[in-house]
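In case you want the letters, here they are:
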Amino acid sequence: GKCRIGIHVADVASRVPAGSALFGWAKLRASSAYHHGPHADSDEGGGSVPMLPPTLAHGALSLAENQPRPAVTVWLDVEDGKVVRRSHARTLITNKCATTYSAFGSDVFPRFARARVLLQQLAGTDAAEELVAWTMIEYNSYLASAMAEAAKLGTAAAGLLRVQDDPDKAATYQAISVANLAQQGHARLGLSLYSHMSSPIRRFADLYNQHVLFGSIRALQIAHPVLGVVEGASEGGAEMDADGLAAMNARCDEVKRYHSVSDAMSLAYACRGKPRSFFTSVEGSDDGKSLVVYTASRRVRVQLRDTYFAAAIAAHLAQGFEGQVELCGVLKSGRTQLRVRIPGVTELAPRREILGVDDMGGFGHDGPRDAAAEAMGTEAAGGRGGAEEFWEEEDFNVPTGDGGVLIQPVEDFDDAVEIAGNVMGYPIDDFQRRSLAVILKKESDLLAMAPTGSGKTAVALLAILQAFARGKRAIYTSPIKALSNQKYAEFKEWFRTKGVNGEVSLLTGDIKIRAPPGTKNELMICTSEILRNKLVKSLSGQPGAEAGGMNMEDPDLERLGCVVSDEVHYINDPERGAVWEETIVHLPQSVQLVALSATLRSPQDFVDWIASARGRPGEVVRRTDRHVPLYVGGLSYTPDPADSEFVALFETHGDRAGTFDQSKFKALFPTAEDVARQREETKAANIANNQMRTGRNAELAANAEVRRGGPPPKGGGGGGG
């Protein structure tokens, strides 16, 4: 049979004139922005930032139920199950029955069932969402053709097409170009012309195209059939120029990125309590940098750097996947992020390919950095142990760096000095050589004492590299979080620039940045309290237990070879000193301790105490010369403090290094004559102030007496009246 289907969209152009302030506002916004709130599979708790004011967008301009509203209608004339004719018109409609996807897809309402069956025949699909999508595509593609025909005749401004020449690239808005119309199709939809006109409340392109369709936006130039190219009429709004179009595309890209991040975050938030499993389809991008996961209500793009076993997943999903997927939400750097794990994918690739290990046996800079390893924490897919089982003992002696890096245990001092110089990029000095000699003795502890800026951090790096060479991990502790953050950045940069094949983790009270699972050469930077807590919790109380009486349940304490304790003089702090004391006492005997300090009283006594507490020898390496100059002094005395100058009394560098200048010290203070004069000036000023205060008090008392009816002060005249 025959029938007519009407597809109705609110006629916003009739209510928002081109060139009006509201039209300009919508142009700047370009698009509405939506979020779904904490419930990933529903709109509960979500919200929107409409392109137009909410009272209009959700009220007067919408096709509200039982309210007559102007609409732009596309009519589809259907004969024998096929669309044979399309037309459009401005109409006035009343929405008698607002519905939802679920209600439209059910058989409860007969009217919906009949319409659904007809649309299923036309669209070739069953799902309610896909049926509505088909009607919108019909609507937009037909009106795109109508605008193109008007542009060919030169009777209208150029509308905006949604153009995509490559299905793997994002679509953009382009003005209709009659000369290039064949190149303005939409590749993913398989359409020669496509526009946006079905949502003028939330997209400016749709509102703009409505105005173009009905002639309320004039062309900047019109190709007149007789007069040729002439200037367009000045009434109404002006046609969008190239700059305006570029700005709108840029704004739409921003909103699109917001939607992508918002969807992923809302889903991640819902998965924070426990991972959620989906039987769904997943697509991998051609460049291997992201996944698209289809949930029940939406699709979510997940960056592959946030994904467990990224390399294997990217290879496996290049052609698509349908099956079981685990989504996990983790809190990282104060933001909830989404991670994906696909059970079984880890068996699809060789061990080293999965872990992103380069040919030198370590994590290469272009491997996991571009995939999961950059931000993978223990919270993701089973924690640290998830991949560490792949490492075998013989892997520990695989070279882990380029030529100059310590790649295996070094016992010969001269060889170690040469290698250390290659790593540092300069010959190490005497202080660092003496420190390295102690570090090479893996059964000895080291207390390295040197003034600020004298090479203590380089000593720490040498100890860390030697731990890596022994197949162990290292921990670097600092007294405050700010210093931990600074050292994290420094060691990350050192590892990168000096060819050190290792990873850096950071643990503080509010930040947790983990190295990839299975990392062999790992440096963990944390505050002293965190290491103390880990050691105390790991106490087993069983004599003779592995690692010096420790029950190594904490994975951060496994394979621990070296602990660098920076600013160890904090042990003298009345409030926090116990932290360092407990750390040293509970540290496993097999772990080498490298303590750093610039100021520590009786260092040899301190090392003797460490040796007695830990049951292993220790040595002190000191340096007294300062690389960073130190000046002690004061400001010179002048009547005007602004004229004072700094006078150095003691300095560590220069001709008078180490000498306290008594003459300059005395010059800082005023002479006896200056003191006597200043005392007299102060005395005179005080007398004058007292006299002024006495006279003022007498005047106030006399005035009070007059107000009470007494006689006026003597000598007071008063000028009568």
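In this report, we go over the structure that sits alongside the text. Just so you know, these numbers come straight off a predicted model, no measurement behind them.

As for the sheet that holds strand β4 (residues 68-79)
Then comes step 1: If you walk across this open sheet you meet the three strands as β1-β4-β5, and the pairing is antiparallel. Each having just a single partner strand, β1 (2-10) and β5 (82-94) make up the two edges of the open sheet. For this sheet the average axis-to-axis angle between neighbouring strands, irrespective of direction, equals 25°.
Then comes step 2: Direction of pairing for β4 relative to β5: antiparallel, over a ladder of twelve bridges. When the bridges of β5 are listed, threonine 73 appears paired with alanine 89.
Then comes step 3: Lying on the sheet, helix α5 (residues 128-153) is in contact with β1, β4 and β5; it crosses β5 at an angle near 90°.

Re the packing of aromatic side chains
Then comes step 1: Counting across every chain of the model gives eight aromatic pairs.
Then comes step 2: Relative to tyrosine 208, the ring of phenylalanine 204 has its centre 6.1 Å away and its plane inclined at 45°; by these criteria the two rings are tilted. Placement of both phenylalanine 204 and tyrosine 208 in helix α6 (residues 204-213) is noted, with a separation of four residues, approximately one turn of the helix.
Then comes step 3: The buried category is assigned to phenylalanine 204, whose relative accessible area is 0%.
Then comes step 4: Assessed through its relative accessible area of 2%, tyrosine 208 is described here as buried.
Then comes step 5: Taken together through their ring pairs, the aromatic side chains of Phe468, Tyr476, Phe491, Trp494 and Phe495 make up a single cluster.
Then comes step 6: Here arginine 90 stacks its cationic end above the ring of phenylalanine 214, 4.1 Å away from the centre of that ring.
Then comes step 7: Its guanidinium or amino end placed over the ring of tyrosine 173, arginine 162 lies 4.4 Å from that ring's centre, counting from NZ or CZ.

Focus: the nonpolar core
One recurring pattern in soluble globular proteins is that nonpolar side chains are buried together.
Then comes step 1: Core analysis: the biggest nonpolar cluster contains 56 residues, and Val12, Phe23, Tyr139, Phe204, Leu207, Tyr208 and Met248 have the highest contact counts within it.
Then comes step 2: For this core, the secondary-structure elements that each account for two or more residues are β1, α1 (21-29), β4, α4 (110-123), α5, β6 (160-163), α6 and α7 (242-270).
Then comes step 3: Excluding anything up to four places from it in sequence, methionine 248 contacts Ala30, Leu160, Tyr173, Phe204, Ala205 and Met240.
Then comes step 4: Core analysis: the second largest hydrophobic core is formed by 40 residues, Ile439, Ala463, Leu465 and Val594 among them.

Conventions we followed
Residues numbered from 1 in each chain as written. Predicted model: local features only at pLDDT ≥ 70, side-chain atom pairs only at ≥ 80, totals over all residues. Heavy atoms only, no water. Pairing = 2+ DSSP bridges. Helix = DSSP H or I, 4+ residues; strand = E, 2+ residues; numbered from the N terminus. Axes fitted to C-alpha atoms, helices over the stretch in contact; angles between N-to-C directions. Contact = heavy atoms within 4.5 Å. Phe/Tyr/Trp six-rings, centres within 6.5 Å; stacked < 30°, edge-to-face > 60°. Buried < 20%, exposed > 50% of the residue type's maximum accessible area, 1.4 Å probe, protein only. Lys NZ or Arg CZ within 6 Å of the ring centre and 35° of its normal. Core = buried A, V, L, I, M, F, W, Y, C linked by side-chain atoms within 4.5 Å.

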